Every structure is written in C-alpha cells, then in structure tokens.
Amino acid sequence: MKTRAKVLAVLLAGTMIASSLTACGNKPSDPAPTDTAQTTPPSESSGDSDETSTQAPEEENVDLSAMSYDEASSYIYEQNLGEFYSIYQEAKQEVDNLSKRYAMMAVAEAKLLESGVLNPQTSQGGAYAMTRLAPYTKSSVMWGSDEYRFHNAVVTKDLIKASDYSAMKEKWAELRGTGTYEEWVKSYLQEQGYDLKDSYSYHNYGSDPTTWDVLSTSQTVDIYALVNTYDGLLEYDMENVQQPALATGYEVSDDGLTYTFHIREGVEWVDSQGRKVADVKADDFVAGLQHMMDAAGGLEYLIEGVIVNASEYISGEVTDFSQVGVKAVDDYTLEYTLETPTPFFTTMLGYSVFAPLSRDYYTSQGGKFGMMDYDSSATDYTYGKSPDNIAYCGPFLVTNYTSKNVIVFTANEKYWNKDNVNIHSMSWPYQDQSDATKMYNDIKNSVLDSTALNTSEVESAKADGMFDEYSYISDTTSSTFSLYYNLYRTAYANSNDETKVVSVLTDEEKELANAALGNANFRLAVSFSMDKAARQAQRVGEDLKYIRLRNTYTPGNFVTLEEDVTIDINGTATTFAAGTNYGEIVQAQLDADGIPIKAYDKTANDGIGSSDGYDGWYNPDNAVTFLNKAIEELAAQGYTIDENNPVRLELPYTSSIEWCTNQANALKQSVEKALGGKVILVLADGADSNEWYYTGYYTDYGYEANYNITDVSGWGADFGDPSTYLDTFLPDYAGYVTKSLGIF
C-alpha cells in the first residue's frame, strides 16, 4: 500500500547489523500524554511496492544498511512481528461472529507479547487522589474522547470526603443505565452538606496543545482540550450509554453496510467570540472526514478498511472524494457506507476522526480540500493555528490561552443543549510537575478541583491531617503505558534539535545495542528483569505500587465473549465459554507456547479477574534464562556479551520531574541487578519535559526515535474493539505505535 511515508522515507545506511533476529518459544508512568544520526544523508526510498513485504529474505545474516529504510523496516517487522500480523489479519476478517473475532485477536496479542517488542507497564489512575468532581459524572467509557468532556460534570465547592466518594461509586453501579444517576448524585451531595458550583479547574494540563485543529492530530494533549469545543453525532453520557448529540437518530441497512444519521436542526457554528458563522449541516461531517484524511495527522488509519474507499483516498489511488463512502444526502441527512459490516462502528463515533468541520469557515481560514491541495504551511493558512482560528459547535469556547500558563473555557451561549449543562466555565492551569507538592497545595487552596497525589504529596496530606478524610484510590483507565524497544535505532540526538539529548554511546556500543535488541530472547530477558512495582512505587508509594500495573497491551477485561467459541490453540481445538474475558485467551496462548508471562490472573480484582494489579512479568530467574539464550545466539553472529562487554541501552527521562528521575533509577537498578551487569541502562537526561518528549513522543517516524528503550508514551482505546489497540502495530506506516520500534 502506498503511503505518505513513501515520499518521506530515508535511506538510513549505518552500522551493518548481521542478525538472524531469532524469536523464542514457538516461533515482548505514566509519562505525560502522557545527534546526528549514525547514517548517511537522507535520500528517498527506492521502494515502490504497494504491499508490505510478507516474505523475509532467505539470508540468515542480513546487511540492513544495504536496504532502503522501507525495505529494512519491512524485513525487521516480518522477522519480529510476522506471526502476530498473520494471525491478526485473519482475526480482522471475522465480522459475523464477534466472540470468535475477540478470541482470535487475543491469540494475536499473545504473539505480540511473545515477540518482546514491548513491555506493558501501567495504566492511568490507581493512585491516591483528592477531588471536588463527583465520581462518574462524566463518561468513563474505555474508548474514544467522551471521557474528556466536562460540561455535565457535577462539582462541589469543598473537597469530597472519601466515604462520600465511595458511596457515590457504589450507587452509580446500581443506577447505571437507568438515566437517574445525575439527579441522584446532586441530591445526595446536597443532603450531605455540599454546595455545587458551575466551574471546574482541571489538573492534567502539562503540555501545550500542538494544534487547535482536532482533525489534524493524534496527540492526546490536543484532544483533551478540543473535544470540549465540538459535539459528535452520538456521545456517551455519565452512565456510559450512547445518546443522540448532533444526530437525533440513525438507521442501519439490512446488510449492515449503510448508516444513515439524521442531523439535529438549528445548531450553529460560532467563532471564539460566540458570533454565528454557519449552521451545522450534514456536509460538515463530509468536510471533516476529508480534511482529517488530507491532514494525515496520524489517526486516519482508524477508518481504513472501514469506510468505502477511505484507504484508497489516503493512498492516493482515489482522488475524487465523492467516491469515499460518506455523503450528505441533504442538509440534515448523513450517510456512511462501509466496506464490510462493522458491528462496532457506532463506538468509533466518539473519537475525533468523526468530528464535524464547518466547510465555509475552514476555507475562509485558507484551508483547501484534496490531498494535493492541502497545505498547512501556506502563508494564508490560519485554520487551527490558535483558538481564534477554529469554529465551535460544542458547549465551550476557548476564551484565553497562554502557552504554559492557562487555558480558559467559557460556556457557548449558542450551544444547542445549553440548558442541560452543569459546567459553565473551566480553567486549566499549567502543571509542569517540577514542584513535587504544587498540585496538592493547589487543590487544598481551591486552585485545582482534582489531582492525583505523588509520594511527596501523600506525606504532605498526612501531615495536614487531610489524607484519611479526603483521599481515595482512583480507578484505572483503558490507557496502557508500555516500554518499547528500538529494533533499528538510527537517531542519536533529538530530530528537532540535534544539540538535545545526545547519545553517549560509542559506535561499537551502538552496534551491539542494535544487534541485541534485534533478538527476541534478549528483549524478553530485559522485560523479565524489570521490577515494575519498584518503578511505580517511586510515583505512587509502596502501598499502591501494584494497583495500576498492567500486563497486557489491550486490557484483559476490555471485551468479553458473548457466546461459546472454539478456536485453534497450537493445533488443539479449544473452547472458551460465553463470559470469558479477552485476557484469559491471551493467557491460554502464552501458556501453550511456554512463555512465562502472567498476562491475566483470574484471582485478581477480588476474584473478578484482571490483567491489572500485579506484576506478571518480573522474574529474575526467567530474565537470566532468556539472556543466556540470547547470548548464545548473538555469539553465533560474532557478538560477545558479558560483564566486561555489557550491552549498554539508553533510556531517556527528564530530571525536571522528580518521580520520573526516581523511576528511571529504579528501573536501572532492577535491570542491572537481575542481569548481573551484562546489561547496563544509560539514563539520557532531557533537561525539561519537552526534550524528553522529543526523544519519542513527538516523533513522526521510526528513524527519529532517539533511544534504545522508551517509556514516554501510551495508548488508549479509540473504539470498542480490540483492534483499537492492535492496529497500532500494523506495518507500512499504518500502525501509530510501530514507529516506537524504530521502524516505519
């Protein structure tokens, strides 16, 4: 498949890596949203193939420097993730039986974990926290962007006591789906003596938005803010029930391929001053989808293979957008045509890729439609450059934005549903986390309305006598933060500034690190040597260090089989009963392959079962066993690894954040102790969070990845199907996370 990256791909000729990239078995924070390359100068890739390579070269030892970057990426991908890809593609074809689809995807995930290319570390949440925000008064659904919408939040003037917080959570579980929780929670709080307020001060603004165009970005820091400026077709309410928003209803054709939405009449687009610029119409969703694909902000893959001709438009094979499966039948009737029946399609509508766009306002800001005409760098292109350069149809307008200082949201007086909004203003003060107790002091002094507590803040709260009465343990989320291994490192300084976070490795050390990380046994050895709980204790304390640990990429309880399913597990027909969680099937395949990862524990979560809340990877004995296998395999390729010639792996962090520094050092201590000094973690300091982010989080391509190991980013669900996670590891620039492996 042709991609935009074919134009940008570079020939990265550097150290010759002679490696068979041997796999093992039957064949591997949350950070904020959170050199001169050892190569010849960039040149265009010579690869013109429309297909990702599925055949690895026959040579046992391969000189990657003799290949184009695309060719090397495809070779490395096939050697390390080929089995995952093959099984996963078969699973994606299963659309008639969702339970079988989930089971097959779980098998594919097991193969992903076995490859050792990542080590799932944590989710978000699972920390001590204090709040004025009543629990579950915004959506807590595990996918999409609706969890970041605050207009219906219920907020108190005083901190909520832990006992009241617990009582409300319990009642939510009882009332969920009845449509009565909001009314009940307001009454309960007032009965308990709380006064409600119509403002909210957010705690999680720690990085400036990179754009104000929600359709041109894949970064959570942007979507956090922008989702409050528009409405989607459907939105999940605080009971996690999908409700009409800009669509009043919809129908699905008998063949499951056509979705027809009826657009709400009388909704207006306004500018940042609240002045009307247009009416919201069906065409706004057509314009939005085209602009999203033109901008290629990194999430366009979500609709590839879903909407008719979306893939072909993105690849350039189709240039006439009218051939894409979205059209405005009339001003208030919108129609999507799908490639195949997609039972989870409506769960995708909560994500930004389906946001509307005022066509006239966009063109008035210099915007153009069409892959060849779109140019955000044009001198007359101003759309999304600031909050004053977008149109709004949601509950809030951005009325003040000062970089690294504050974002202020004010109620949109022309919002179609303004009479049912609880929050009329929001203030997001910037938090760089350089002051270890600032956020606790801010919530105590009513500057913030909610915050998690780090270890220093827990001690401060205890000293103030507030901890026991007001602290609670926050829920974990669908976001998974992992460590990723760079299989083909070619960048040794930040791509945006070659004087920042510069590698200290020698040429010989670079070559050895690349060769070692090309070996799956080596990667698994490093993963098994990581004491995730000790690392996490540096942020949340000893007593909570297991709560947010995660052991799979897709949360183990993300989906559940709706019916009995029989699938093949290593040649044996295996039946999983209705009610089986996704993680149980992942575990069954790992066990069958003899890979000692506990991805799912049936006894976790008070016997409900979970992939969270324990460390299913850390095992020094397993680490040594797999390291010895890797040392033997690498010796056959001419590489020596021992205490006198260790593999040195660079892990970026930032010294400007105390817990980040402590986590990096905890990880270093754990790895080096478990592996007997044969692997050394070299901590590469970014002086501030931006330098750290630019080692990996802000990069666009694998050849910009400035690390051997990174922990700088995570992934959360975009819709209610495991493919929302697994698609991120697709090849040929289609998978968003694959670049974290140094390829594509």
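What comes next concerns the included structure. (Residues numbered from 1 in each chain as written. Predicted model: local features only at pLDDT ≥ 70, side-chain atom pairs only at ≥ 80, totals over all residues. Heavy atoms only, no water.)

A closer look at helix H7 (residues 283-295)
Turn by turn, an α-helix covers 3.6 residues, leaving residues three or four places apart pointing in a common direction. For H7, with 13 residues, the first-to-last C-alpha span of 18 Å sits near the 18 Å given by 1.5 Å per residue. Most of H7 sits inside the fold, with 12 of its 13 residues counted as buried. Every buried residue of H7 is accounted for by Asp284, Phe285, Val286, Ala287, Gly288, Leu289, Gln290, His291, Met292, Met293, Asp294 and Ala295. Positive backbone phi, approximately 50°, marks Ala296, located one or two places after H7. (Helix = DSSP H or I, 4+ residues; strand = E, 2+ residues; numbered from the N terminus. Expected span 1.5 Å × (residues − 1). Buried < 20%, exposed > 50% of the residue type's maximum accessible area, 1.4 Å probe, protein only.)

A few points about the side chain of Asp601
Residue position: Asp601 is located in the loop between helix H17 (582-593) and helix H18 (620-635). Not counting the four nearest positions on each side in its chain, Asp601 is found in contact with Gly609, Ser610 and Tyr614. (Contact = heavy atoms within 4.5 Å.)

Observations concerning the pattern of salt bridges
Under the counting rule described, the total for this entry stands at 33 salt bridges. In this structure, the salt-bridge partner of Lys171 is Glu174, at a minimum N-O distance of 3.2 Å. You can see Lys171 and its partner Glu174 sitting in helix H4 (residues 162-175), 3 residues apart, about one turn around the helix. Looking at Lys171, the relative accessible area reads 22%, which means it is partly exposed. Close ionic contact of Lys500 with Glu691 constitutes a salt bridge, the shortest N to O distance being 3.6 Å. In this pair, Lys500 is assigned in the loop between strand S21 (480-485) and helix H14 (507-517) and Glu691 in helix H20 (residues 689-696), connecting sequence segments 191 residues apart. Relative accessible area serves as the criterion here: at 30%, Lys500 is assigned to the partly exposed category. By sharing partners, the salt bridges in this structure join Glu83, Lys111, Glu114 and Asp593 into a single network. (Salt bridge = Lys/Arg side-chain N within 4 Å of Asp/Glu carboxyl O.)

A word on the packing of aromatic side chains
Within the structure shown, the criterion is met by 53 aromatic pairs. Both rings, one in Phe150 and one in Tyr200, keep their centres 5.1 Å apart while their planes meet at 25°; by these two values the pair is stacked. One end of the pair, Phe150, is in the loop between strand S4 (128-131) and strand S5 (155-156); the other, Tyr200, is in strand S7 (residues 199-201), and 50 residues separate them in sequence. This pair shows no difference in class: Phe150 is buried, exactly as Tyr200 is. A centroid spacing of 3.8 Å and a plane angle of 25° characterise the contact between Tyr165 and Tyr472, whose relative ring orientation is stacked. Of this pair, Tyr165 sits in helix H4 while Tyr472 sits in strand S20 (residues 472-473), placing them 307 residues apart in sequence. Here Tyr165 and Tyr472 have matching classes, each one buried. A network of ring pairs unites the aromatic residues Tyr69, Tyr77, Tyr85, Tyr488, Tyr701, Tyr703, Tyr733 and Phe744 as a single cluster. Directly above the ring of Tyr492 sits Lys510, whose terminal nitrogen or CZ lies 4.2 Å from the centroid. Cation over ring: Arg539 sits above Trp659, and NZ or CZ is 3.8 Å from the ring centre. (Phe/Tyr/Trp six-rings, centres within 6.5 Å; stacked < 30°, edge-to-face > 60°. Lys NZ or Arg CZ within 6 Å of the ring centre and 35° of its normal.)

Here we look at the environment of Ala599
Mapped onto the elements, Ala599 comes out in the loop between H17 and H18. When the C-alpha positions of Ala599 and Asp688 are compared, they lie 34 Å apart, and in sequence the two are 89 residues distant. Setting aside residues no more than four positions away along its own chain, Ala599 makes contact with Leu113, Asn551, Thr552, Val586, Gln587, Leu590, Ser611 and Tyr614.

Side note on the sheet that holds strand S16 (residues 396-402)
Spatial ordering of the open sheet is given by S7-S18-S17-S16, a layout of 4 strands whose pairing is mixed. The sheet terminates laterally at S7 and S16, the two strands that pair on one side only. Strand-to-strand, the axes of this sheet are offset by a mean angle of 15°, without reference to chain direction. Sheet analysis places S7 next to strand S18 (residues 425-429), joined by 3 bridges and oriented parallel. By the bridge assignment for S18, Tyr200 is matched with Met426. (Pairing = 2+ DSSP bridges. Axes fitted to C-alpha atoms, helices over the stretch in contact; angles between N-to-C directions.)

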